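Architecture at a glance
Take a look at the letters that make up each chain.
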Amino acid sequence: MFGNIIFLRPKVTAIRLIIALTILQLIISLLSDGFMLSHAESMWHYIGRNWLRHGMVPYSGGVDNKSPMIFLIFGISDKLFGVNFWFPRLVGTICQSIGLYYAYKITMRIAGPVSAMLSIIIYGLSLLWHVTGNKYTAHTETYEVTFTLISIYKFLTAKNKKDLFYSGLFSGSALMFRYSALFGTLVILLYAFKLKTKSALYIYLGFIAAIGGFTLFIIFSGINFHDFFIYSFADNFVPGSITNHNLLWKAQRFVEVFFNSELVLFYPALAGYLFLKRENNFLGLWLLSEFIGISIIGLFSYEHLKDMLPALSIINAIVFAHLIENYKIPAKVITLVISLCFFPKLLEPFIALKKLFVSKSLFTPGAYGLDESSKKQLGYWIKANTTEKDYVLITGFGAQVQAYSERISPSIYFNNTSTTLAKKQFFNDILKTKTTMIVMPIEQSDNLVDADIKKFVTAKIEKDYQFVKTYSGYNIFVLKPK
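Fair warning: this is a prediction, and the values are worked out from it, not measured in the lab.

Some thoughts on the overall build of the chain
Per the secondary structure count, the chain includes 20 helices and four strands. Computed over the C-alpha atoms, the radius of gyration of the chain is 24 Å, within 12% of the 23 Å expected from 2.2 N^0.38 for a compact globule of 482 residues. When burial is assessed residue by residue, the chain has 55% of its 482 residues classed as buried. A separation of at least 24 residues holds for 74% of the contacts in the chain among residues at least 6 apart in sequence. If you sum the accessible surface of the chain, you get close to 21500 Å²; carbon and sulfur atoms cover 65% of it. Both charge centroids of the chain, one from 46 positive and one from 29 negative side chains, sit 8 Å from each other.

Some thoughts on the nonpolar core
By size, the foremost hydrophobic cluster in this structure holds 68 residues, and its most contacted members are Leu118, Ile120, Tyr123, Leu149, Phe266, Trp286 and Ile338. Among the elements that take part in this core, helix H14 (residues 309-326) stands out by supplying 11 residues, more than any other. Beyond its immediate sequence surroundings of up to four residues, Phe266 is in contact with Ile122, Ser126, Trp129, Leu309, Leu312, Ser313, Asn316 and Phe342. In this structure, Val63, Ile230, Tyr231 and Ala403 belong to the second largest nonpolar core, which totals 47 residues.

Some words on the side chain of Gln96
Looking at the secondary structure, you find Gln96 in helix H4 (residues 86-111). Among the polar contacts listed, one links the side chain of Gln96 to the side chain of Gln25, at a separation of 2.6 Å.

Concerning the packing of helix H6 (residues 140-156) against helix H8 (residues 181-191)
Contact pair H6 / H8: the axes reach a minimum separation of 9 Å and the direction vectors enclose 10°. Taken together, the axes of H6 and H8 are roughly parallel relative to one another. Contact with H6, carried on its side by Glu144, Thr148, Ser151, Ile152 and Phe155, involves Ala181, Gly184, Thr185, Ile188 and Tyr191 of H8 and no other residues of that element. Split by residue class, the contact of H6 with H8 holds five nonpolar, four polar and one charged.

Description of a nonpolar patch on the surface
Together, Ile15, Ile19, Ile23 and Ile27 give the surface a local cluster of nonpolar side chains, amounting to about 340 Å² of exposed area. For Ile23, the location among the structural elements is in helix H1 (residues 10-30). Taking the relative accessible area as the measure of exposure, Ile23 reaches 48% and is therefore partly exposed.

The rules behind each value
Counting from 1, residues in each chain are numbered in the order their sequence is written. For a predicted model such as this one, the threshold for reporting local features is a pLDDT of at least 70, and the threshold for listing and counting side-chain atom pairs is 80 or more; totals across whole chains, interfaces and linings nevertheless cover every residue. By convention in this description, side-chain values take in all heavy atoms of the structure and omit both hydrogens and water. A run of H or I in DSSP counts as a helix once it spans at least four residues, and a run of E counts as a strand once it spans at least two, with each numbered from the N terminus. Each radius of gyration is computed over the set of C-alpha atoms, and the globule rule expresses the reference value as 2.2 Å times the number of residues to the power 0.38. Type-normalised accessible area, obtained with a 1.4 Å probe on protein chains alone, sets the label of each residue: buried when under 20%, exposed when over 50%, and partly exposed for intermediate values. For this analysis, residues touch if any pair of their heavy atoms sits within 4.5 Å. The Shrake-Rupley method, run with a 1.4 Å probe sphere, supplies the accessible areas, and residue values consider only the shown protein chains as cover. In this tally, Lys and Arg are treated as positive and Asp and Glu as negative; His is ignored, and so are the chain termini. Think of each charge as sitting on NZ of Lys, CZ of Arg, CG of Asp or CD of Glu. Here, nonpolar core refers to any group of buried Ala, Val, Leu, Ile, Met, Phe, Trp, Tyr and Cys residues whose side-chain atoms link them within 4.5 Å. Think of a polar contact as two N or O atoms within 3.5 Å of one another; within protein, one of them needs to be a possible hydrogen donor and the other a possible acceptor, and neighboring residues in sequence only count if both atoms come from side chains. For helices, the fitted line uses only the C-alpha atoms of the stretch in contact; every axis is such a line through C-alpha atoms, and the angle between N-to-C directions lies from 0 to 180 degrees. An angle counts as roughly parallel when it lies under 35 degrees, as roughly antiparallel when it exceeds 145, as roughly perpendicular when it falls between 65 and 115, and as oblique in every other case. Note on residue categories: nonpolar means Ala, Val, Leu, Ile, Met, Phe, Trp, Tyr, Cys or Pro, charged means Asp, Glu, Lys or Arg, and polar means any other residue, Gly included. Patch membership requires over 30% relative accessible area and the absence of a salt bridge. Like charges are linked within 9 Å, and nonpolar side chains (Val, Leu, Ile, Met, Phe, Trp, Tyr) within 5 Å. Counted as salt bridges are all cases of a side-chain nitrogen of Lys or Arg within 4 Å of a carboxyl oxygen of Asp or Glu.

Set out below in structure tokens:
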């Protein structure tokens, strides 16, 4: 497929190759999840919509542990096109392709054109794997990694103080999307110590400028700093939080992700890299730092692995280029083997297309106990049977229903709540807000609602609400007329 690329004009061919990979990425990202928002995307869309449509700033109009920047992107998407999944993924794919281009430029700077071209193939194809969150281009990792790549390129090619300032600026910009970006940019900040004091200062000034700009953005947006710290950071490391898993769970996830996935394709060349002569070990430290960051978080989510892909891909590209240049292995053979091995299993787009023509039961089990598309249909039903002023409570993992209903939850915790702080806030919100409709998963999905929350909501239903119907795997209750 890519056998002759090394013999063509590098820059022109690189752009063409990136375009081809971008098209593949769009096929995967747009033909998935039943042509609808994923669970996480629904949360961000809901918060972003409340922000730009209703003036409810993040953490006051809905809670998730992400940066306001991702809520803003989804809010703009809603402002322009209403409830949709394609615009954020399109923007994310373009951003990811920009990162791919800068990975190519970094490799060109470090190791030359052969390695650079191979890095596009390896990095571009590995981004399309299921284990690296292929379809979720709209996630925060996409923006974090792209800004980190630009920052590293600016650092490695800096000719003046302005370039160093921009390097720090993009490092800080990456941090605006994800705190874990610190592990990627940490290598730059550490290597800055090797520079002259005044030169290094410009990197730190750029970094501070980005953080300062983000701080001003939060201030002028009206976001409460206390809420920002608690909900986006502190409450994510307590019992009941998303990171609260035991060591056995983490060990199983680690083995599944790093040894039972396509990631093993990286390991032979990674081992070979240890024996290559190198002027410095920038790439090794970069990869190690990203690995430490992923391990500290401990979730080993597919999307988190995007942080490691650039360093892994560049290292592999350098090793394969070494085989071509020093052992006279034909470039066509190497590129063909890489392409065949790294090419993703493109099953989901075909399955998604099939779903367009095959009817499905609304009670088919899905990722969160119910079929994803049935949640979308329930959201539409709620929208048609309520007014925009009505508050609608959807218990459990109901973010998709909430997003497609275009209705506001009576609680800032509109999705499953597990921490002590979250439950306390949830109970207070429900008690003080007049809720028109309550929607709860049926018995087969009982585990989607924590026992204490179910008991609390059930008591409220028995007192003030009446049953309407069961739809899409949920029981629906409305406020009793007075």
